[in-house]
Amino acid sequence: MTVPADRARFLIIDDHPLFREALHSAVQMAYPEVDTVEARSIAEALDLLADAKPFDLALLDLSMPDVHGFEGLLQLRTRYPRLPVVIVSGHEEPRIISEALSYGAAGFIPKSARKSDLAAAIRSVMDGAIYVPETYEGLPPGADSTDRADMVQRLSKLTPQQLRVLQMLRQGLLNKQIAYELQVGETTVKAHVSEILRKLNVYSRTQAVIEVSKLDSAELFRDQVGF
């Protein structure tokens, strides 16, 4: 997907000013005339994406303050499935890269990459390729279970509002609290929860939270610096 520099519009989603600046510099190296817009949270990114003028690429840090694990990527992919989203992360474990790609990421760029490599990766994705680090060799056969793939498929069937409700369920919010946050009635929340359980093929809110928690590899990050 080659986009002329004078028409390219990129969205950088990262809560760290220094790294937003580094990404901006890499983007400028790849596309000197690009229109770069920055967001400090997923919520801010979604507001910007609602603008009438579309973006050609989003560069997303997984370590965002208002989401957990891959929730930010899932929200972007659910609401804007045609927008290429490249993950830029300090976590470079093969499983994290594999899961990001399985959720529809257009590439995975380590934060440790040099500016010239970042620029080359951005060009590669804009040309239609899926970029991964040279050191990435994928996971050994059988490392990703069929159950995991099935759950990813089920998640893709959730509407944006249902995804928001699911995120709040994971935060431990009650129906009344979710209704307040979404400014809807409790009956509406109950209907969303019922649909979430049906689409995910689980029998309770607790099971839904447990099954979805497995997808963002929480066990991998429990002993690491915040995701």
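My aim in this report is to walk through the structure given alongside it, one point at a time. (Residues numbered from 1 in each chain as written. Predicted model: local features only at pLDDT ≥ 70, side-chain atom pairs only at ≥ 80, totals over all residues. Heavy atoms only, no water.)

Turning next to the packing of aromatic side chains. Under the counting rule described, the total for this entry stands at one aromatic pair. Over the face of the ring belonging to Phe55 we find Arg9, whose NZ or CZ atom lies 4.1 Å from the ring centre. The ring centre of Phe19 lies 4.5 Å from the NZ or CZ of Lys111, which sits over that ring. (Phe/Tyr/Trp six-rings, centres within 6.5 Å; stacked < 30°, edge-to-face > 60°. Lys NZ or Arg CZ within 6 Å of the ring centre and 35° of its normal.)

What follows is about the environment of Ala45. Along the chain, Ala45 falls in helix H2 (residues 42-49). On the basis of relative accessibility, which here comes to 0%, the residue Ala45 falls in the buried class. Counting along the chain gives 31 residues from Ala45 to Asp14, while the straight-line C-alpha distance between them is 9.6 Å. Ignoring sequence-local partners within four residues, the contact set of Ala45 consists of Leu11, Ile13 and Ala39. (Helix = DSSP H or I, 4+ residues; strand = E, 2+ residues; numbered from the N terminus. Buried < 20%, exposed > 50% of the residue type's maximum accessible area, 1.4 Å probe, protein only. Contact = heavy atoms within 4.5 Å.)

Time to look at the pattern of salt bridges. Applying the stated criterion to the full structure yields nine salt bridges. In this structure, the salt-bridge partner of Arg20 is Glu38, at a minimum N-O distance of 3.1 Å. Taken together, the residues Arg20 in helix H1 (residues 17-30) and Glu38 in strand E2 (residues 35-39) connect sequence positions 18 residues apart. For Arg20, a relative accessible area of 10% puts it in the buried group. (Salt bridge = Lys/Arg side-chain N within 4 Å of Asp/Glu carboxyl O.)

What follows concerns helix H8 (residues 175-182). Within H8 the residues assigned to the buried category are Asn175, Ile178, Ala179 and Leu182. Projected onto a plane normal to the axis of H8, the buried residues spread over an arc of 100° and lie on a single side. What points out from H8, more than 90 degrees from its buried face, is the exposed set Lys176 and Tyr180. Gln183 lies just past H8 and shows a positive phi near 60°. (Arc of directions from axis to C-beta.)

In this fold, Gln75 is placed in helix H3 (residues 71-79). Among the polar contacts listed, one links the side chain of Gln75 to the side chain of Gln167, at a separation of 2.7 Å. Residues in contact with Gln75, not counting those within four places in the same chain, are Ile42, Leu46, Val67, Leu163 and Gln167. (Polar contact = N/O pair within 3.5 Å; in protein donor to acceptor, adjacent residues only side chain to side chain.)

This brings us to the pairing of strand E3 (residues 57-60). Alternating residues of E3 divide into Leu57 and Leu59 and Ala58 and Leu60, and every residue in both groups is buried. Across four bridges, strand E1 (residues 9-13) lies against E3 in parallel orientation. Within E3, the position partnered with Ile12 by the bridge is Leu59. Relative to strand E4 (residues 85-89), E3 runs parallel, the two sharing three bridges. Note that in E4 the partner of Ala58 across the bridge is Val85. Of the crossover connections in this fold, the one passing from E3 over H3 to the parallel E4 is right-handed. (Pairing = 2+ DSSP bridges. Right-handed = clockwise from strand over helix to strand, strands pointing away.)

A few words now on the packing of H1 against helix H5 (residues 115-126). Their axes nearest at 8 Å, the elements H1 and H5 cross at an angle of 60°. Between H1 and H5, the angle is such that the two are oblique. Seen along the crossing, H1 lies across H5 with a hand that is right-handed. Counting all contacts with H1, which are made through Leu23, Ser25, Ala26, Val27, Met29 and Ala30, the residues of H5 involved are Lys115, Ser116, Leu118, Ala119, Ile122 and Arg123. (Axes fitted to C-alpha atoms, helices over the stretch in contact; angles between N-to-C directions. Parallel < 35°, antiparallel > 145°, perpendicular 65-115°, else oblique. Left-handed = near helix turned anticlockwise from the far one by under 90°.)

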